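What follows is the residue order along each chain.
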Amino acid sequence: MWGRISMKLGEPVKYMFKSVQGNSNNLSISLRSMSSTAKYDFTTLQVTSPSEYVKHVELNRPEKRNAMNTAFWREMKECFNALAIDEDCRVIILSGAGKMFTAGLDLQGNDIFPKLMSEMDVGRKAFFTYESVKDLQESFNVIEKCSKPVIAAVHSACLGAGIDMIAACDIRYSTQDAWFSIREVDIGLAADLGTLQRFQKITGNDSLTRELTYTARNFYADEAKSIGLVSRIFQSKEEMLKGAVEMANIIASKSPIAVQASKKVMVYSRDHSVAEALDYQCQMNSAMLQSEDVMKAATAMMNKEKPVFSKL
């Protein structure tokens, strides 16, 4: 039978319990985490492995321009929580299938809107909306909470909630024809899934962040690179995905402890003072410096060899 146990950080892990026939007191427990042996089976996402330790998550509603519906929000949490504990995953590439990266929110495919338009009591509707938006936010927070670096690969349009999503990623690439828009004001609301909290910290330009937010104007790949939203521009989607895999392979070849600890420290440092972040770094390294990876990396460097690190 199947049981569900919630980890401390809220990441669910599935376990399979198989009883041994015969003595009822004799119970054999097989604990099997959601690793590479598990199937990433989703309706709005497709997960593949382009190379060792690299997973490619592709938004997979091309007929709807990868618009984000109710199933998408649930599956993003399930997918990234599973990838977070997959020992065969060290780096994740996030892209979109079809003609564009994403059109953002699917206004006709989300369960929240019928209740918002209903005759429900205002107070109860407010409580429902608060909890619903918090749940939607978690669908992108899981990208940031996942200790594996995530490379967003954007082609064509990245609109509205698409900006919320890539803002939670570690590295962002785009094609030359990519264009972006913080579109929410055009549908009468403030962006509420992370753009207003992360975009300014990514670009370091408060004035431009406000301009793009208040006007919902389009901006294109060259401007996105000039403000630091993306770090590389490619001529085609194929070249971009090839470049993303190459970068992912480089990262995956490094110590997974060093890379994942670095991500945790950088995320923490963004939201805390320098003094707090330095103390957090000391706490982190008091454990991480004892890892076998330090000796492996040092020995390989001295011998001019490529180190091979154990699964994490």
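Residues numbered from 1 in each chain as written. Predicted model: local features only at pLDDT ≥ 70, side-chain atom pairs only at ≥ 80, totals over all residues. Heavy atoms only, no water.

Visitor: Which residues make up the sheet that holds strand E12 (residues 232-234), and what are the values?
Guide: Read across the open sheet, the six strands follow the order E4-E5-E6-E7-E9-E12; overall the sheet is mixed. Edge positions in the open sheet fall to strand E4 (45-51) and E12, since each of these has one partner strand only. This sheet shows a mean twist of 25° between the axes of neighbouring strands, independent of strand direction. Pairing between strand E9 (residues 171-175) and E12: three bridges, direction parallel. (Pairing = 2+ DSSP bridges. Helix = DSSP H or I, 4+ residues; strand = E, 2+ residues; numbered from the N terminus. Axes fitted to C-alpha atoms, helices over the stretch in contact; angles between N-to-C directions.)

Visitor: Pulling in residues and values, what's your account of the pairing of strand E6 (residues 91-96)?
Guide: Counting buried residues in E6 gives six out of six residues, a clear majority hidden from the surface. Both faces of E6 are covered, namely the face carrying Val 91, Ile 93 and Ser 95 and the face carrying Ile 92, Leu 94 and Gly 96. Once you follow strand E5 (residues 54-59) into helix H1 (residues 70-84) and on to E6, the crossover reads as right-handed. Looking at chain direction, E6 and strand E7 (residues 150-154) are connected through three bridges and run parallel. (Buried < 20%, exposed > 50% of the residue type's maximum accessible area, 1.4 Å probe, protein only. Right-handed = clockwise from strand over helix to strand, strands pointing away.)

Visitor: Quick one: what's the story with the nonpolar core, residue by residue and with numbers?
Guide: Ranked by size, the top nonpolar core spans 47 residues in total, and within it Phe 80, Phe 140, Ile 143, Met 165 and Phe 180 carry the most contacts. Every element with two or more residues in this core is listed here: E4, E5, H1, E6, helix H3 (122-145), E7, helix H4 (161-167) and helix H6 (206-215). With eight residues, the top contributor of residues to this core is H1. Dropping the residues within four chain positions of it, Ile 143 is found in contact with Met 76, Phe 80, Leu 94, Val 150, Met 165, Ala 168, Cys 169 and Lys 263. Core analysis: the second largest hydrophobic core is formed by 14 residues, Tyr 53, Ile 93, Phe 234 and Met 240 among them. (Core = buried A, V, L, I, M, F, W, Y, C linked by side-chain atoms within 4.5 Å. Contact = heavy atoms within 4.5 Å.)

Visitor: So what's going on with unusual backbone geometry? Residues and values would help.
Guide: The backbone of Asn 66 sits at a positive phi, close to 55°, despite the residue not being glycine. Phi angles above zero are rare outside glycine, and Ala 216 is one such case at about 60°. Its location among the elements puts Ala 216 in the loop between H6 and strand E11 (219-220). Look at Ala 216 and you get buried, because its relative accessible area is 5%.

Visitor: Report on the pairing of E4, specifying residues and quantitative values.
Guide: Bridge count for E4 against E5 is five bridges, and the pairing is antiparallel. Residue pairing in the sheet places Val 47 in a bridge with Val 57 of E5. Counted along the chain from E4 to the antiparallel partner E5, the turn is two residues long, and its residue Tyr 53 has a positive phi close to 70°.

Visitor: Now, about the environment of Val 267: what can you tell me, with residues and values included?
Guide: Looking at the secondary structure, you find Val 267 in helix H9 (residues 256-270). For the pair Val 267 and Lys 145, spaced 122 residues apart in sequence, the C-alpha separation works out to 8.7 Å.

Visitor: Residues and numbers for a nonpolar patch on the surface, please.
Guide: A cluster of nonpolar residues, Leu 107, Ile 187 and Leu 189, forms a patch on the protein surface that exposes about 240 Å² of accessible area. Note on placement: Ile 187 falls in the loop between strand E10 (179-181) and helix H5 (195-203). (Patch = residues over 30% accessible without salt bridge, like charges linked within 9 Å, V, L, I, M, F, W, Y side chains within 5 Å. Areas by Shrake-Rupley, 256 points an atom, 1.4 Å probe, with all protein chains shown as cover. Salt bridge = Lys/Arg side-chain N within 4 Å of Asp/Glu carboxyl O.)

Visitor: An account of the sheet that holds E10 is requested, with residue identities and associated values reported.
Guide: A sheet is described by the order of its strands in space; here three strands give the open sequence E8-E10-E11, paired in mixed fashion. Of all strands in the sheet, those with a lone pairing partner are strand E8 (157-159) and E11, marking the two edges.

Visitor: Describe helix H11 (residues 292-302), listing the residues and the values that go with them.
Guide: Where H11 begins, one side-chain oxygen reaches toward the backbone nitrogen of Asp 293, 3.0 Å away; that side chain belongs to Ser 291. Where H11 terminates, the next one or two residues include Lys 304, which has phi positive at roughly 55°. (Polar contact = N/O pair within 3.5 Å; in protein donor to acceptor, adjacent residues only side chain to side chain.)

Visitor: Describe in detail the packing of aromatic side chains, supporting the description with residues and values.
Guide: Within the structure shown, the criterion is met by seven aromatic pairs. Relative to Phe 140, the ring of Phe 72 has its centre 6.4 Å away and its plane inclined at 65°; by these criteria the two rings are edge-to-face. One end of the pair, Phe 72, is in helix H1; the other, Phe 140, is in helix H3, and 68 residues separate them in sequence. Phe 140 shares its class with Phe 72; the two are buried. Each ring, one from Phe 180 and one from Phe 219, has its centre 5.3 Å from the other, and the planes form 20°; the classification is stacked. On the criterion of sequence distance, the pair formed by Phe 180 in strand E10 and Phe 219 in strand E11 is long-range, its members being 39 residues apart. With respect to burial, Phe 180 and Phe 219 carry one shared label: buried. Taken together, the aromatic side chains of Phe 72, Trp 73 and Phe 140 make up a single cluster linked through ring pairs. Residue placement shows Arg 90 over the ring face of Tyr 53; its charged tip is 3.8 Å from the ring centre. Over the ring of Tyr 173 we find Arg 232; its NZ or CZ atom is 5.4 Å from the centre of that ring. (Phe/Tyr/Trp six-rings, centres within 6.5 Å; stacked < 30°, edge-to-face > 60°. Lys NZ or Arg CZ within 6 Å of the ring centre and 35° of its normal.)

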